[in-house]
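Overview (structure and organization)
One-letter residues, chain by chain:
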Amino acid sequence: MQTTSRRQFVYGSALCIAASAMKVDANPLGMSIGCQTYPLRESIAKDFEGTLRQIAGAGFQMIEMCSPTSFSRDGFAPLVNIKPAKIRGIIRDAGLGCISSHFRFTELKQQLEDRIAFAKELGLKQMICATLEVPADAPMSAWVTACDEMNNIGALTHKAGLQLGFHNHHFEFKEIGGVLVYDELMKRMDSELIKMQFQDAIPPQYDPVAILAKYPGRFISLHLSDWSAERKAVPIGAGGIDWKRLFAAAKAGAIKNYFVEMDWDLMQGSVPFLRKLKA
């Protein structure tokens, strides 16, 4: 049996008290404030544990990981040979939680059994496909084929007790033959097997709230960013998005978690606003 020193106890208690205080000190959906780790990939490549402490110190309570296997060239290579259970412990020891991670589409198609095992050992509940990897000039049939493949993957992740999700980008908000690609994805992807991680970084002519309202019950999480009128990235709450309205729609749609994803200085600057925001 491991013994706990007084110093460890005091430190652990302080983390618990701080986490409890942050939860009481509101937050839009009554959920932990989260951030995606991709913007910190260069820091993670140098010092994973230190980066996690930096994230926790800024006021974040949850992180969303990127699969080390397929994001190794992006800065996650040092984690490839670390057991998922150990990564889980490192995240926990930093005072953070993690139930969601991004995976590349090719990785899910070619190594699904292994990736499911990784996800379960890491303690994930959600496996999010980062993009469908469809070429920019591809016809709608390519998107349909990708949806069929996602449905097959979703059936297997569902059987394993994990929720498959899909993360949009701006390029799904284009029309092919008069049909919006995002609408076609919603039509083709199984609504139970695949939930959407909605990224609000979409072309300005589309209203994020209208998208959430159009497809109630289809979303599982949010990726947050904000911009000024000149489309310059700014901290959450400093731009043009009506966050109360967006979070109200997200709450009505049963969103389970959310992650800020911008440059680190902007992510840090977003925490005070998110703590105070009531939806």
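As shown above, the structure is provided for reference.
Below: a short report on this structure. Counting from 1, residues in each chain are numbered in the order their sequence is written. Restriction of local features to residues with pLDDT of at least 70 applies here, the model being predicted, together with a cutoff of 80 or more for giving and counting side-chain atom pairs; totals for whole chains, interfaces and linings are based on all residues. With hydrogens and water stripped out, all remaining heavy atoms of the structure feed into the side-chain values.

1. Re the overall build of the chain
Numbering of helices and strands starts at the N terminus; helices are DSSP runs of H or I of at least 4 residues and strands are runs of E of at least 2. Within the chain one finds 11 helices and 12 strands. Relative to the compact-globule value of 19 Å for 279 residues, the chain shows a C-alpha radius of gyration of 19 Å, a close match. Viewed in the frame of its principal axes, the chain has a C-alpha envelope of about 65 × 40 × 30 Å. For the chain, with 279 residues in total, the buried portion stands at 51%. We call two residues in contact when some of their heavy atoms are within 4.5 Å. Residue pairs at least 24 apart in sequence account for 78% of intrachain contacts in the chain once pairs closer than 6 positions are excluded. Entry remark: accessible area of the chain is about 13500 Å², with carbon and sulfur atoms responsible for 53%. The reference for a compact globule is 2.2 Å times residues^0.38; the radius of gyration itself is calculated from the C-alpha atoms. Categorising residues by exposure relies on relative accessible area from a 1.4 Å probe, with only protein chains included: less than 20% of the type maximum marks a residue as buried, more than 50% marks it as exposed, and the intermediate range marks it as partly exposed. The Shrake-Rupley method, run with a 1.4 Å probe sphere, supplies the accessible areas, and residue values consider only the shown protein chains as cover.

2. A look at the side chain of Gln 126
In this structure, Gln 126 sits in strand β4 (residues 126-129). A residue is classified by how much of its surface remains accessible, and Gln 126, at 3% relative accessible area, is buried. When neighbours within four sequence positions are excluded, Gln 126 is seen to be in contact with Ile 99, Ser 100, Ser 101, Gln 163, Ile 220, Ser 221, Lys 256 and Asn 257.

3. Quick notes on the sheet that holds strand β2 (residues 62-66)
Think of it this way: DSSP has to see at least two bridges between two strands before they count as a pair. Read around the barrel, eight strands follow the order β1-β2-β3-β4-β5-β8-β9-β12 and close on themselves; strand pairing throughout is parallel. Going across the sheet, the axis of each strand differs from the next one's by a mean of 30 degrees, ignoring polarity. The sheet contact formed by strand β9 (residues 219-224) and strand β12 (residues 257-260) spans four bridges and is parallel. Looking at β12, one finds that Leu 224 is bridged to Val 260. The sheet contacts of helix α7 (residues 140-159) involve β4, β5 (163-167) and β8 (194-199), and relative to β5 the element is tilted by about 145 degrees. Note on geometry: axes are lines fitted to C-alpha atoms, helical ones only across the stretch in contact, with angles between N-to-C directions running from 0 to 180 degrees. Here helix α10 (residues 243-252) sits on the sheet and contacts β9 and β12; the angle it forms with β9, its principal contact strand, is near 160 degrees.

4. Observations regarding the packing of aromatic side chains
Paired rings are identified among Phe, Tyr and Trp, the last through its six-membered ring, by centres lying within 6.5 Å, and are further divided according to the angle between planes into stacked (under 30 degrees), edge-to-face (over 60) and tilted (the rest). What the rule picks out here adds up to nine aromatic pairs. With a centroid separation of 6.2 Å and an interplanar angle of 75 degrees, the aromatic rings of Tyr 38 and Phe 71 are classed as edge-to-face. On the criterion of sequence distance, the pair formed by Tyr 38 in the loop between β1 (34-36) and α2 (41-46) and Phe 71 in the loop between β2 and α4 (84-93) is long-range, its members being 33 residues apart. With relative accessibility at 25%, the residue Tyr 38 sits in the partly exposed group. Classification of Phe 71 as buried rests on a relative accessible area of 4%. Ring centres 6.1 Å apart and planes at 40 degrees place the aromatic pair Phe 60 and Trp 264 in the tilted group.

5. What about the packing of α4 against helix α6 (residues 112-122)?
Interhelical geometry of α4 versus α6 gives an angle of 35 degrees and a closest axis separation of 7 Å. Regarding α4 and α6, the two cross each other, and that crossing is right-handed. Note on element contacts: α6 touches α4 through Phe 118, Lys 120, Glu 121 and Leu 122, opposite Pro 84, Ala 85, Ile 87 and Arg 88. Ten residue types, Ala, Val, Leu, Ile, Met, Phe, Trp, Tyr, Cys and Pro, are classed as nonpolar, four, Asp, Glu, Lys and Arg, as charged, and the remainder, Gly among them, as polar. Taken together, the residues of the contact of α4 with α6 sort by class into five nonpolar, no polar and three charged. For a crossing to be left-handed, the near helix must be turned anticlockwise from the far one by less than a right angle; the clockwise case is right-handed.

6. Observations concerning the pairing of β8
With six of six residues buried, β8 is to be regarded as a mostly interior element. Residues Ile 194, Met 196 and Phe 198 of β8 are buried on one face, and the alternating residues Lys 195, Gln 197 and Gln 199, pointing to the opposite face, are buried as well. Relative to β8, β5 runs parallel, the two sharing four bridges. Across the sheet, the residue bridging to Gly 165 is Lys 195, located in β8.

7. A short note on the nonpolar core
Residues enter a nonpolar core if they are buried and are Ala, Val, Leu, Ile, Met, Phe, Trp, Tyr or Cys, with the set joined through side-chain atoms within 4.5 Å. One finds Phe 60, Leu 132, Phe 219 and Leu 222 to be the most contacted residues of the largest nonpolar core, which totals 84 residues. Examining the composition of this core, we find that seven residues originate from one element, α7, more than from any other.

8. Observations concerning unusual backbone geometry
With phi around 60 degrees, Glu 133 is a residue other than glycine that occupies positive phi space. Classification of Glu 133 by relative accessible area gives partly exposed; the value is 36%. The phi dihedral of Ala 254 is positive, around 65 degrees, even though this residue is not glycine. Note that Ala 254 resides in the loop between α10 and β12.

Don't take any of this as a statement about function, it's just geometry.
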